[in-house]
2 protein chains.
Amino acid sequence: MKTTIAEVKNYVGQEVTIGAWLANKRSSGKIAFLQLRDGTGFIQGVVEKSKVTEEVFQIAKSITQETSLYVTGTVRVDERSPFGYELSVTNLQIIHEAVDYPITPKEHGVEFLMDHRHLWLRSRRQHAIMKIRNEVIRATYEFFNDRGFVKIDPPILTGSAPEGTTELFHTKYFDEDAYLSQSGQLYMEAAAMALGKVFSFGPTFRAEKSKTRRHLIEFWMVEPEMAFYEFEDNLKLQEEYVSYIVQSVLKHCELELKRLERDTTKLELIQAPFPRITYDEAIQLLHEKGFNDIQWGDDFGAPHETAIAESFDKPVFITHYPTSLKPFYMQPDPNRPKVVLCADLIAPEGYGEIIGGSERIHDYELLKQRLEEHHLPLDAYKWYLELRQYGSVPHSGFGLGLERTVAWICGVDHVRETIPFPRLLNRLYP
Amino acid sequence: MKTTIAEVKNYVGQEVTIGAWLANKRSSGKIAFLQLRDGTGFIQGVVEKSKVTEEVFQIAKSITQETSLYVTGTVRVDERSPFGYELSVTNLQIIHEAVDYPITPKEHGVEFLMDHRHLWLRSRRQHAIMKIRNEVIRATYEFFNDRGFVKIDPPILTGSAPEGTTELFHTKYFDEDAYLSQSGQLYMEAAAMALGKVFSFGPTFRAEKSKTRRHLIEFWMVEPEMAFYEFEDNLKLQEEYVSYIVQSVLKHCELELKRLERDTTKLELIQAPFPRITYDEAIQLLHEKGFNDIQWGDDFGAPHETAIAESFDKPVFITHYPTSLKPFYMQPDPNRPKVVLCADLIAPEGYGEIIGGSERIHDYELLKQRLEEHHLPLDAYKWYLELRQYGSVPHSGFGLGLERTVAWICGVDHVRETIPFPRLLNRLYP
Ligand SMILES: [Mg+2]
Ligand SMILES: [Mg+2]
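For clarity, every value in this text was computed on a predicted model and none was experimentally measured.

Caption draft 1: Quick peek at the overall build of chain A. Across its full length, chain A carries 13 helices and 19 strands. C-alpha extents for chain A along the principal axes are approximately 85 × 55 × 40 Å. Out of the 430 residues belonging to chain A, those deemed buried represent 61%. Pairs at least 24 apart in sequence give 67% of the contacts found in chain A among residues at least 6 apart. When the accessible surface of chain A is summed, it comes to about 16,600 Å², and 48% of that surface belongs to carbon and sulfur atoms. In chain A, the 49 positive side-chain charges and the 62 negative ones have mean positions that sit 7 Å from each other.

Caption draft 2: Expanded view of helix α5 (residues 185–195) of chain B. All names here are of chain B. Across the 11 residues that make up α5, a large majority, 11, are buried. Listed in full, the buried residues belonging to α5 are Gln185, Leu186, Tyr187, Met188, Glu189, Ala190, Ala191, Ala192, Met193, Ala194 and Leu195. Positioned one or two residues after α5, Gly196 has a phi angle of 80 degrees, which is positive.

Caption draft 3: Geometry of the relation of the copies chain B and chain A. Between chain B and chain A, the superposition needs a rotation of 180 degrees and an axial shift of 0.0 Å, giving an RMSD of 0.0 Å. Taken together, these values place the two copies in the relation of a two-fold axis. Measuring from the rotation axis to each C-alpha of chain B, the shortest distance belongs to Thr171 of chain B, at 2.6 Å. When the interface residues of chain B are mapped onto chain A, 100% of them are again interface residues, pointing to one common binding face.

Caption draft 4: Representation of the interface of chain B and chain A within the structure. With 97 residues of chain B at the contact, the number on the chain A side is 97 residues. Summed over both sides, the interface of chain B with chain A buries roughly 7,500 Å², with 65% coming from carbon and sulfur. Counting across the chain B and chain A interface gives two salt bridges. We note a salt bridge from Asp153 of chain A to Arg133 of chain B, for which the minimum N-O separation is 2.6 Å. The interface formed by chain B and chain A includes 41 residue pairs in polar contact (both at pLDDT 80 or more). In terms of residues, the side of chain B that touches chain A owes the most to one element, helix α4 (residues 124–146) of chain B, which gives nine residues. A per-class count over the side of chain B that touches chain A returns 53 nonpolar, 21 polar and 23 charged.

Caption draft 5: A look at the sheet that holds strand β18 (residues 352–359) of chain A. Residue and element names in this part refer to chain A. Read across the sheet, eight strands follow the order β7-β11-β12-β19-β18-β17-β14-β13 without closing on themselves; strand pairing throughout is mixed. The open sheet has two free edges, formed respectively by β7 (150–151) and β13 (276–278), since each of these has just one partner strand. Against the sheet, helix α9 (residues 279–288) makes contact with β13 and β14 (316–319), and its axis sits at roughly 85 degrees relative to β13, the strand it touches most. Across the sheet, helix α10 (residues 302–309) is in contact with β13, β14, β17 (342–347) and β18; its angle to β17 comes to roughly 75 degrees.

Caption draft 6: Structural context of the side chain of His414 of chain B. All names here are of chain B. Secondary-structure assignment places His414 in the segment after α13 (402–410). Since its relative accessible area comes to 13%, His414 is described here as buried. Within the structure, His414 has its side chain in polar contact with the backbone nitrogen of Arg416 (distance 3.0 Å).

Caption draft 7: Fine view of the domain arrangement of chain A. All names here are of chain A. Taken domain by domain, chain A holds domain 1 (2–96) and domain 2 (117–417). Both faces considered, domain 1 and domain 2 share a buried interface measuring about 700 Å² in area, 56% of it formed by carbon and sulfur atoms. Contact with domain 2 buries surface across domain 1, with Arg37, Phe42 and Pro82 losing the most and accounting together for 57% of the total. One can count one salt bridge joining domain 1 with domain 2. The salt bridge involving Arg122 is made with Glu66; its shortest N-O contact spans 2.9 Å.

Caption draft 8: Structural detail: helix α13 (residues 402–410) of chain A. Residue and element names in this part refer to chain A. Taken across its nine residues, α13 has eight buried, putting it largely inside the fold. Taken as a whole, α13 has its buried residues at Leu402, Glu403, Thr405, Val406, Ala407, Trp408, Ile409 and Cys410. Where α13 terminates, the next one or two residues include Gly411, which has phi positive at roughly 70 degrees.

Caption draft 9: Quick peek at the environment of Leu325 of chain B. Residues and elements named next belong to chain B. Positionally, Leu325 belongs in the loop between β13 (316–319) and β14 (332–333). On the basis of relative accessibility, which here comes to 25%, the residue Leu325 falls in the partly exposed class. Between the C-alpha atom of Leu325 and that of Phe300, which follows or precedes it by 25 residues, the distance is 10.0 Å. Discounting chain neighbours no more than four positions away, the residues touching Leu325 are Tyr279, Gly297, Asp298 and Asp299.

Caption draft 10: The arrangement of the environment of Phe421 of chain A in detail. Along the chain, Phe421 of chain A falls in the segment after α13. For the pair Phe421 of chain A and Ser50 of chain A, spaced 371 residues apart in the sequence, the C-alpha separation amounts to 45 Å. Dropping the residues within four chain positions of it, Phe421 of chain A is found in contact with Arg117, His118, Leu121 and Pro430 of chain A together with Pro155, Tyr187 and Ala190 of chain B.

Caption draft 11: Focus on the environment of Tyr141 of chain A. With respect to the secondary-structure elements, Tyr141 of chain A resides in helix α4 (residues 124–146). Residues Tyr141 of chain A and Leu69 of chain A lie 72 residues apart in sequence; the distance between their C-alpha atoms is 36 Å. Residue contacts for Tyr141 of chain A: discarding those within four places in its chain leaves Lys151, Phe199 and Phe201 of chain A together with Ile137 and Tyr141 of chain B.

Conventions we followed
For every chain, the first residue of its written sequence is number 1, and the numbers climb from 1 along that sequence. Written order determines the labels here, with chains lettered from A and ligands numbered from 1. Note on the predicted model: pLDDT of at least 70 is required for a residue's local features to be given, and 80 or more for side-chain atom pairs to be given and counted; whole-chain, interface and lining totals, by contrast, use all residues. Only hydrogens and water are removed before side-chain values are computed, so all heavy atoms of the structure are retained for them. Helix and strand assignments follow DSSP, with helices taken as H or I runs no shorter than four residues and strands as E runs no shorter than two, numbered in order from the N terminus. Relative accessibility decides the category of a residue: with a 1.4 Å probe and only protein chains considered, values under 20% of the type maximum give buried, values over 50% give exposed, and everything between is partly exposed. Only heavy atoms matter for contacts: two residues are in contact if any of them lie within 4.5 Å across the pair. Where accessible areas are quoted, they stem from the Shrake-Rupley method and a 1.4 Å probe; at the residue level, only the protein chains shown are allowed to cover. For the purpose of charge, His is not counted, nor are the chain termini; Lys and Arg are scored as positive and Asp and Glu as negative. Where a charge sits is defined by one atom per residue type, namely NZ (Lys), CZ (Arg), CG (Asp) or CD (Glu). Overlaid copies result from least-squares superposition on C-alpha atoms, with residues included only where pLDDT is at least 70 in both. Two parts placed together each lose some accessible area under a 1.4 Å probe, and the buried area is that loss summed for both. A pairing counts as a salt bridge when a side-chain nitrogen of Lys or Arg comes within 4 Å of a carboxyl oxygen of Asp or Glu. Pairs of N or O atoms within 3.5 Å make up the polar contacts considered here, provided that, within protein, one atom can donate a hydrogen while the other can accept it, and that residues adjacent in sequence are counted only when both atoms are side-chain atoms. Residues are grouped as follows: Ala, Val, Leu, Ile, Met, Phe, Trp, Tyr, Cys and Pro are nonpolar; Asp, Glu, Lys and Arg are charged; all remaining types, including Gly, are polar. Strands were regarded as paired on the criterion that DSSP finds at least two bridges between them. In this analysis an axis means a line fitted to C-alpha atoms, helices contributing only their contacting stretch, and an angle means the value between N-to-C directions, from 0 to 180 degrees. Where each domain begins and ends is defined by an automated method or by a domain database.

Here it is as structure tokens:
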């Protein structure tokens, strides 16, 4: 029976054949232990000299790391292994021998591993991160589909941009100038007026010269936008969504979290509702924590976010930021227009902001005034303004950064490991 | 009870309030019929002069198209409407009045509608297409998740490209040159060697000056790639997948297909297996159909694809194209190296090619030779070649174009209506 490692549980006591790669091995005189991987999982193959032909045992002894092969063996329950099963090997058939595989079980520098990202993905750690990323993606579709959201794909190539043309990648679009989208939000607002509740999930681009563990040049973002949702509805959806993906990973990626040595007790706490503090309270909290420099009107940096997050064991919403700190489209608080009806969601354990969101301005005159204050070209935003001319309604939305969220859930330090092929400053290969 | 049009079925006989827009209306002396939409669906609201206040009846008589409002009314079963329910209105509360909405129930030219795409999406027809697109996306995730595939997001920004640098959008990536990806396939091959079965689903870009009803500059593609899959396994997966999405749409989008007046008997036939003909047989078939010019070695154009499709009531695989017509990475047929182990899947009813796929070359020397024959720079493909140095295995994959597939399922003539904000030659707005 040809099968995969993920499926061996269905064949206990039976002989199966698996196409696989050798991840690692150890052997003594009469027995060899092969660590096998096939993409669906990892399993140990046990080759006993007394139970196989001389030729097969010689293969087991000499096989090199990352050689591809067909392994035939009997599935056995193995309670000592985290996976739970092993193979009593009866036959080995080499497909292709790998000579001098560059990534050995030794330690390698990050730049070396990044140069070999196409191979590094084969490692246990990267495999676990990619499976968790996949589960976050899967759970995201499930969450929004179950709630009647329509997936809408906003364009990547745009003639204009939400916040001016800094930090944008430029390209010639035949005779015109085009930019790579930093956010599909404005388009999602148009879609929400047509389809009610919508979400996007796609790549976005920031030509930012920052080199931090939280920044990627190209990253994936989930951007839901909802007609008739006000500030409070928006926060409620966000905490439900973030809880949902964390609980889905806990449920479906037990092995992977274990492999990453993630402290899952911290993730178990991630259940809605989440705590909320205002920007004003956050400033006060920072003063109490000894950040004496920061003043009302200043934006928070990573150290501030980390300090605020330390006071909570769940993600925390920081609400009502100064209007001056936020983009033009955010709805001012009617009772206090110098702050906006927005919230950033800060992950625990120092992972920083994972969501930014707000209620959007729905009044035509106010939106026009804000565009002018930001010196944005009205003709490029003509269509966006028109959304407020024809049946404008209160609406809200948010954007969640996939890689930061995956980094937090996995407990990995740097977002570069949370995307298959990271794009960083000076990193466009492979 | 505040609810949505999609949910009124749960409130028959009860009073509900819905945030909505006026799509259309007609009225006589004592009664007004409001066609309401809220993104989740369309419903008729019936306002009887005798049953509401004078003020509410005046609103019903004077309300303009695309005005937003809260509608309160009692849910009634209505067997004459395709939707099945209507509202006996008790109250209307205007949120925002729309003055001179540009898209009236009259006919408009396509360029006018495209200039107003942000509003055009609100129409019944566009709403139906977007819901079907959404269902194809949802079913795609379901299909691949259920089969153990891992979603992998290949980079959009790349330093090199599968097939040379023609028809690529260029951008400066800080000090380097980068191009927008036309296909994530090469990266998906690396991922398949790590994770076994993988799929991508994201935007791709072709800076092609073609202006046909089948081409978009920016379009979405599903690209699965599978280790240990050979030619035949690949075709089997494709026919199962295409059947799955068509049957999912039939099951979940009955109203939308009806609204588009789609002949669903044609879609009901779309069940695996699909017919297969070789390129050689296709040439012969074309000769029989009077295409006398076409010769062995020529590529098929849209008229050829349409003529071939006419002979089948399911999608048809055309297999074993001449090696010279196809990209460098396709595996030659070992019995006849002048053709490759590839297949294009041609949709019925003249919708053309929706899938291209093949087994990939897994032999290092052959791949290197093919790169050289195509004058491609070996250093840019170093990582890709390395996949054949370290445990190379037979593998296959394919790419499905989302918009062409949605156009076919919807029965719409031009792909421009199947993506929320199409990018075409001379079309970068809105
Ligand atoms: Mg911030
Ligand atoms: Mg073709």
